[in-house]
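Here's the letter readout for the chains.
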Amino acid sequence: MDQFYSLNTEELYKELSVSSIGLSDEEAKKRLEIYGQNLIKEKKKRSLILRFLDNFIHLLAIILWIAAALCFIPRVDMPQLGYAIILVIIINAVFSFLQEFRAEKALEALKKILPSYARVLRAGEIKEVLSSELVPGDIIILNEGDNVSADARLIESFDLRTNNSVLTGESDPQRKSTVAIANREVDVLRLTNVVYAGTSISSGTGKAIVYATGMKTEFGKIAGITQSVKEGMSPLQKEINKASEVLVYIAIGVGVLFFILSLFVINLGFLASFVFAIGIIVAFVPEGLLPTVTLALAMGVQRMAKRNALIKKLSSVETLGSTTVICTDKTGTLTQNEMTVREIWVNGGSYDVSGVGYSPTGNFSVKGKILDDENEEITFKKMSKAMSYCNNARLYKDKNTSQWVIKGDPTEGALLVAAQKAGFDYESELTNEPRIFLLPFDSGRKRMTSIHETTDGTFAFVKGAPKEMLSLCSKIEINGRIEELNQEKLQEILKFNDSYAKKALRVLAIAYRDLSNFKEEYNVENVEKDFVFLGLAAMIDPPRPEVEAAVKECFKAGIKIIMITGDYGLTADAIARKIGIVKGESKIYLGTDLEKMSDEELGEAVKKDNIIFARVSPEHKMKIAQVLKKNGHIVAMTGDGVNDAPALKEADIGIAMGISGTDVAREAADMILTDDNFASIVNAIEEGRAVFENLRKFINYILTSNIPEAIPFIMMVIFKIPLPLTVMQILAIDLGTDMLPSLALAAEPPEPGIMSKPPRPRKERLLTGKNLAKAYLLLGPVEAAVAMVAFLIVYYDNGITFAKLRQIGANPADYINDRVYQTATTANHAAITMSQIGNAFAWRSNYESVFKIGFFKNKLLFLGILGEILIINALIYIPKLNTVFNHYPLNWHYWLIVITFIPAVLIVEELRKLIVRYVKNHSQSPAAGKLGL
């Protein structure tokens, strides 16, 4: 901005090369070629194809690509497995892309906010032109309800007020004037003589000269910031990558180890040892992990949607669960964005006003006593009349939503609602008592006067700043009687005014003057004096009723809340105290303070409790998010306006309001609250924490089966017996029978007390050493043992001892089509499947007995087990399908044997938990921690 705000009208005309009649059409066309269209320009985005291909090249996908490639190496001869793994990669990539795909519509949303047409003065004529064709130097005509198309300097203003909430976050309409501003240190978003693109006219009329269009506007600059923010990896994506790395190292490490053993110890030869190593690696790579994680997160998204939290990106589900700081806007997020009169001083006393929002239902009471005295009602009616007549707003019920809404200034709307609560029907009364003259508000006088012809004569009704108003009043009306406004009464009024102000209530004084015998001209000097004081109206944008409980839950969960608002510091502080964000002495930082602070200084500031950031700009919000992230926090940022969009993208998880939020905020956010309810954030955090714990449960459940998948290769190499489990059967476990129970574990309800724990530390891994040890060294070997027992029982049942089995040898050509061998591998596969049933229950808890947390609580797990049983039976008994997986139908007595293996893993795990609990309860020894594998 070239400081157009400091120029007077003549200087503006000169600076922008325009006259009072506006530009000519020819000149406007020339300038359009020079400055370009008044549009938000998009930065070039990555193509959809590249974004789709991202799903094929992340770490876990690369691991599966390598595993698939190994299957096609000559003499390895496992093409079916290779094709199956490739199919898994493709299906998962498509699914992930469809789930996470959200076109970058923030810029389109910004464009939609800009109006299609604008009224301009061209060559002395008022014309409608496309807003995209506005150019610097155009004179735009502004009326109540108009949207502003470009940044422009006011040259005419009649009681003009604008709604700047989408830019600044302030809920109150901002009064505008044409007065030049000499102060050089000004907030460019709060200039009183400038109207901004993307804002709207709340009331009044005016003219303004355009000085900035498109990306040069403050609106466009915010768009530029939003586009410049790059999305980083979510905490969950980082954890999945780290977990994948661990699994790769384990798989390769074990594969290399057994390659060396088989080559140099067992002397299998290079090719056989290489094939064996590949089998081990494939067995240790959990092919089902990728699709299971994706599906589990999708289930989390669905559960959150039922609790009014719409997740746009799968990985954001868990991010919210690890949130350590919530940076929240005030207006429309913590508050209702509906100004409401809460208290009125009239008739010498203060009255509470019940009801919230714009619904005209409520009453006035003193200590619970409802207003009913006739004398009280006389003055109340006069005050209600004054609040309604000295008013340009209108209250009506929306036909589509059946909600009460205000057209005009919310402050004036609040006065209308209060008057209706007192029983004054301004619509019918105003018809009989019309306005005959108006002295509009201006910032110098700090008041507005409306003159009406009433049934009792001509009256001037006035509202304004209390102290200025009291200086113009000589009398006061109390209970229908007019008395002298003496010093005692004056001090009492000022005392209540101060008490309201300390509560951050906005206070207006109401008065009137009888002009029935008035013969002079209606102007400020003649009319605005000798008023009769009626009372004070104190109002506030009230907090949402459910927010206070939600704040308590956040603190209980170890989550810090920081209020960041464009509103005034004292107002923000009062709201923060009311809902419990601030307790004790607070520290309020203004946007101007932030501009002087280094990142290190800001980093120290955000470590403190009871801090509030007020009068901030979009850049400030983004800076706060950046510093918090540098300090190791997982940052959730709430917001609903255009001004919030850059910070929403910068935060680890951006949370937008679904009802009151702008399209820009919703498109920039990762999560949308469909009910605009701050309490829904707490529900989403609980679900997010449960998602992480459940991911850990089902990943460990999947890893447990790696051991019974790997042991058959070890047995084949060491003892030279037929391979007890084929690679296709391993794939059937990883991508078939294990999938449904693991998904059911992902749906495990949040454990009791999950919101009483602090957020998960960043260093805490998804795969821990204890859980890996439990899966690989305790539960996995149990499964492997019972599976090998099932395999050997089939041979023994057919008269083949272990010694004879070794004579058959490990060459697949000697046994692959043998019915006994096929039956034995089928029994092995079935035994692993049955053992995994007990394993699913074993992983439902790490400390408490599964019987204590509720054996039947997770009903989806029983459905998953049923699906698992149906899948294994389909693989065994459906012709041709069983051939693909080298299965042969099992006799019923083999089923009786493998069914007895179901509780094996669960029994071992319950014993481990019992020992851990016993040691913890009866000993101070650190053994409990060591036993908590």
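Everything below is about the structure shown above.
Residues numbered from 1 in each chain as written. Predicted model: local features only at pLDDT ≥ 70, side-chain atom pairs only at ≥ 80, totals over all residues. Heavy atoms only, no water.

Peer 1: Residue-level account of the environment of I378, with values.
Peer 2: Locating I378 in the fold gives a position in helix α13 (residues 374–389). Remark: the alpha-carbon pair of I378 and R481, spanning 103 residues in sequence, is separated by 9.2 Å. For I378, the contacting residues outside a window of four places in its chain are E477 and G480. (Helix = DSSP H or I, 4+ residues; strand = E, 2+ residues; numbered from the N terminus. Contact = heavy atoms within 4.5 Å.)

Peer 1: Account for the packing of helix α32 (residues 819–842) against helix α36 (residues 892–899), naming residues and giving values.
Peer 2: Where α32 meets α36, the closest approach of the two axes is 9 Å, and the angle between their N-to-C directions is 35°. Relative to α36, the crossing made by α32 is right-handed. Contacts from T823, A827, A830, A831 and M834 in α32 reach Y894, W895, V898 and I899 in α36. A class-by-class count of the residues in the contact of α32 with α36 yields 8 nonpolar, 1 polar and no charged. (Axes fitted to C-alpha atoms, helices over the stretch in contact; angles between N-to-C directions. Left-handed = near helix turned anticlockwise from the far one by under 90°. Nonpolar A, V, L, I, M, F, W, Y, C, P; charged D, E, K, R; others polar.)

Peer 1: Mind laying out the environment of A576, listing which residues take part and the relevant values?
Peer 2: Relative to the assigned elements, A576 resides in helix α20 (residues 569–579). The class of A576 is buried, set by a relative accessible area of 0%. For the pair A576 and I611, spaced 35 residues apart in sequence, the C-alpha separation works out to 9.7 Å. Residues within four places of A576 in sequence aside, it is in contact with M563, I581, V582 and I612. (Buried < 20%, exposed > 50% of the residue type's maximum accessible area, 1.4 Å probe, protein only.)

Peer 1: Explain the sheet that holds strand β27 (residues 653–657) to me, using residue names and the numbers behind them.
Peer 2: The strand order across the open sheet formed by 8 strands is β8-β28-β27-β26-β9-β23-β25-β24, and the pairing between neighbours is mixed. Each edge of the sheet is formed by a strand with only one pairing partner; in this case those strands are β8 (309–311) and β24 (587–590). Between one strand axis and the next, the sheet turns through 20° on average, direction left out of account. When β24 meets strand β25 (residues 611–614), the two strands line up parallel, connected through 4 bridges. Following the sheet pairing, Y589 is matched in β25 by F613. Across the sheet, α20 is in contact with β23 (560–564), β24 and β25; its angle to β25 comes to roughly 140°. (Pairing = 2+ DSSP bridges.)

Peer 1: Requested: an account of the environment of T726, with residues and values cited.
Peer 2: Turning to its location among the elements, T726 is positioned in the loop between α27 (706–719) and α28 (727–737). Accessibility expressed as a relative area gives 10% for T726, which makes it buried. The spacing of T726 and P712 is 14 residues in sequence and 8.7 Å in space, taken between C-alpha atoms. What T726 contacts, discounting residues up to four positions off in sequence, is Y821, F885 and N886.

Peer 1: Outline the pattern of salt bridges, listing residues and values.
Peer 2: Inspection of every chain in the model, using the stated rule, returns 31 salt bridges. Taking the shortest distance from any N to any O, the salt bridge between E686 and R307 comes out at 3.4 Å. Taken as a pair, E686 in helix α26 (residues 679–704) and R307 in the loop between α11 (289–306) and β8 lie far apart in primary sequence, 379 residues in all. Judged by relative accessible area, which is 22%, E686 ranks as partly exposed. Given the relative accessible area of 27%, R307 is considered partly exposed. K629 is the partner of E650 in a salt bridge, and the nearest nitrogen-oxygen pair spans 3.6 Å. (Salt bridge = Lys/Arg side-chain N within 4 Å of Asp/Glu carboxyl O.)

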